[in-house]
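# Overview (structure and organization)
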Amino acid sequence: MRDTLFIDGKWVASTGADSFDVTDPWNREVFHRVARGSPDDVDAAVRAARRAFDTGPWRRMSGLERAGILRKMADLIAADTDRLARLEVRDNGKPLPEAIWDIEDTAGCFHFYADLAERLDVDGEQEIALTHDSFSCKAVREPVGVAGAIIPWNFPMLMAAWKVAPALAAGCTMVLKPSELTPLTALELGAVAEAAGLPRGVLNIVSGFGPEAGQALVEHPLVDKLAFTGSMPTGAKLMAAAARDIKAVSLELGGKSPMIVFADTPIEEVVEWIMFGIFWNQGEVCSATSRVLIEKPIYDAVVGRLAEEAQKIPVGHGLADGVLLGPLVSSAQQEKVLAAIARGRDEGARVVTGGGVPAGLEKGCFVEPTILADAPLDSWVWTEEIFGPVVCVRPFETEAEAVALANDSPFGLAAAVMSADTVRAERVARALRAGILWVNCSQPTFTEAPWGGYKRSGIGRELGEWGLNNYLEVKQITAYDRSKPWGWYLKDDA
């Protein structure tokens, strides 16, 4: 486990010689300490990234050359999957099978963007047809420069890959600040970069807290691009700070994603996907389908079966065999979720099952899988993101009502619709105002497809070719053919 910062290709202590605790949410015990990055550390990291971009070899390499290093990084991560996944479990709390899945996806993300880096050698320039034959024109895609990335704690290494891999593929350099709650696997990317031969200064990693390291990164004048995943209030502050320097910004923020279930869908399928949509990763998922609208004829049956199955979910230590739901990431997050459940009850929601801490697991940051029924439409739990294993369910009578209720939200990250009628499912999917739509499923995520939301859920898209475009500028180059006439001002006196 790393306990220092990765700046300019070296592992260094914080300039303030300060550090902070890393806590295991299973038992709330401190098991490691890492360097607490200061504004001076961020300044050093940004300046290293600036030098690496302006004078180093990385952006001048061909896409094929960059792809070779990205593939080495992918292979190193894949070869170390078990150790990295176990580190993720201890740092974050999630069950080991989910952590393994995340690390495998992390390696896959680097492989995917290696392929796109190669493609830049072919399609990085585009000839533009002009109406004047005395000129030729081409559009050239170039790296945006120094990117600052701030990532959340729910998918620590994977969220790092979603930003680091496309930025490096584009030829950018980067300063990465992981969450102070889960810094360990993000720091491991520094060791991966070293072993893969990434030039010094191309990737810098500064662990620390938002008001110190995060704020310094956002406000640094030598950063060209900011990428953030996290809460809407923090994203709004970042956007306001970036506006002062007109920095490019991409934001993936919160959600309160709806799922609409029609009565023609088999109940067992419905229950399976509702559970995966909210209880996977302890519900600490920005796209979690946490508002479920169920057509009235099957409402009671679905809620009853959902409660039965939710009570059977194995809860415990993420490294224990068969566990499907681990602790929340921290004591503070546990308190927040429990307070939200209490507020929901006070506002009129019915607690169908759950609502507390599982018996025998009081030592950790656990919350029972919880179902809240019939919450008022203006209640906090129905309208705001809880970010835990808590699902709100309500009945509906007509398709139009369901679509209206689903769209009645300031968020628009994701949504799902379940129906045996494929024409209706497609119609509803197109009517829902969200950036990610799932039909007869919830939460499958693919590196090839765009990821991002409408409204307060963010700006821009990650993953796929859209993720690469976040880190590219487009330059027009127009040339005059001196052998052809122009003659706007100078005249031939002859």
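Just above sits the structure.
Now for a look at the structure at hand. This is a predicted model, so every value here is computed, not measured. (Residues numbered from 1 in each chain as written. Predicted model: local features only at pLDDT ≥ 70, side-chain atom pairs only at ≥ 80, totals over all residues. Heavy atoms only, no water.)

## Considerations on unusual backbone geometry
Positioned with a positive phi, N440 is a non-glycine residue whose angle comes to about 60 degrees. Locating N440 in the fold gives a position in the loop between β19 (436-439) and β20 (454-455). Even without glycine at this site, Q443 takes up a positive phi of about 85 degrees. Mapping Q443 onto the fold places it in the loop between β19 and β20. (Helix = DSSP H or I, 4+ residues; strand = E, 2+ residues; numbered from the N terminus.)

## Regarding a nonpolar patch on the surface
On the surface, Y480, W486 and W488 cluster together to form a nonpolar patch covering roughly 440 Å² of accessible area. Here W488 shows up in the segment after β22 (472-480). Note on W488: relative accessible area 69%, which makes it exposed. (Patch = residues over 30% accessible without salt bridge, like charges linked within 9 Å, V, L, I, M, F, W, Y side chains within 5 Å. Areas by Shrake-Rupley, 256 points an atom, 1.4 Å probe, with all protein chains shown as cover. Salt bridge = Lys/Arg side-chain N within 4 Å of Asp/Glu carboxyl O. Buried < 20%, exposed > 50% of the residue type's maximum accessible area, 1.4 Å probe, protein only.)

## A closer look at the packing of aromatic side chains
What the rule picks out here adds up to 14 aromatic pairs. Here F155 and W280 contribute two aromatic rings whose centre-to-centre distance is 5.6 Å and whose plane-to-plane angle is 50 degrees, an arrangement assigned as tilted. Of this pair, F155 sits in the loop between β7 (146-150) and α5 (156-170) while W280 sits in the loop between α9 (267-279) and β13 (291-295); the two residues are 125 residues apart in sequence, bridging distant segments of the chain. Given a relative accessible area of 7%, F155 falls into the buried group. Each ring, one from F276 and one from W280, has its centre 5.2 Å from the other, and the planes form 15 degrees; the classification is stacked. Its relative accessible area of 25% is what places F276 among the partly exposed residues. By relative accessible area, W280 is classed as buried at 13%. (Phe/Tyr/Trp six-rings, centres within 6.5 Å; stacked < 30°, edge-to-face > 60°.)

## A look at the layout of surface pockets
In this structure, the second largest pocket spans a volume of roughly 360 Å³. Every element with two or more residues in the lining of the second largest pocket is listed here: α4 (96-123), α9 and α10 (296-310). Looking at which element gives the most residues to the lining of the second largest pocket, the answer is α9, with 6 residues. Residue classes in the lining of the second largest pocket are distributed as 12 nonpolar, no polar and 6 charged. (1 Å grid on protein atoms, 1.4 Å probe; cavity = no way out; pocket = protein on both sides within 12 Å on 5 of 7 lines; lining within 4 Å. Points joined across faces, edges and corners; volume = space filled by probe spheres on them. Nonpolar A, V, L, I, M, F, W, Y, C, P; charged D, E, K, R; others polar.)

## Description of the pattern of salt bridges
Under the counting rule described, the total for this entry stands at 36 salt bridges. With a shortest N-O distance of 3.9 Å, R2 and E188 are connected by a salt bridge. Here the residue R2 occupies a position in the segment before β1 (5-7), and E188 occupies one in helix α6 (residues 184-196), the gap between them amounting to 186 residues. Residue class for R2 comes out partly exposed when judged on its relative accessible area of 30%. Take E188: its relative accessible area is 4%, and that puts it in the buried class. A salt bridge links R50 to D54, with the shortest nitrogen-to-oxygen separation between them at 3.1 Å. With R50 and D54 both in helix α1 (residues 39-55), this residue pair falls 4 residues apart, about one helical turn. In this structure, a network of salt bridges that share partners links the residues E268, R305, E308, E309 and K312.

## Notes on the packing of α9 against α10
Interaxial distance between α9 and α10 falls to 10 Å at its minimum, and their mutual angle equals 55 degrees. For the element pair α9 / α10, the angle class is oblique. Taken as a pair, α9 and α10 cross one another with a handedness that is right-handed. Counting all contacts with α9, which are made through I267, E268, V270, V271, I274, M275 and F279, the residues of α10 involved are A301, V302, R305, L306, E309 and A310. Considered class by class, the residues forming the contact of α9 with α10 number 10 nonpolar, no polar and 3 charged. (Axes fitted to C-alpha atoms, helices over the stretch in contact; angles between N-to-C directions. Parallel < 35°, antiparallel > 145°, perpendicular 65-115°, else oblique. Left-handed = near helix turned anticlockwise from the far one by under 90°. Contact = heavy atoms within 4.5 Å.)

## Here's the deal with the nonpolar core
F110, L189 and V393 are the most contacted members of the largest nonpolar core, which totals 103 residues. Contact partners of V393, with chain neighbours within four places excluded, come to V292, I294, Y299, V303, L306, I371, L372, A373, D374 and W382. Formed by 28 residues, the second largest nonpolar core is a distinct cluster that contains F262, V337, L372 and V428. (Core = buried A, V, L, I, M, F, W, Y, C linked by side-chain atoms within 4.5 Å.)

## Quick look at the side chain of N27
Its location among the elements puts N27 in the loop between β3 (19-24) and β4 (29-35). Overall, the relative accessible area of 16% leaves N27 in the buried class. In contact with N27, other than residues within four places in its own chain, are K363 and G364.

Everything listed is a geometric property; what it means functionally is a separate question.
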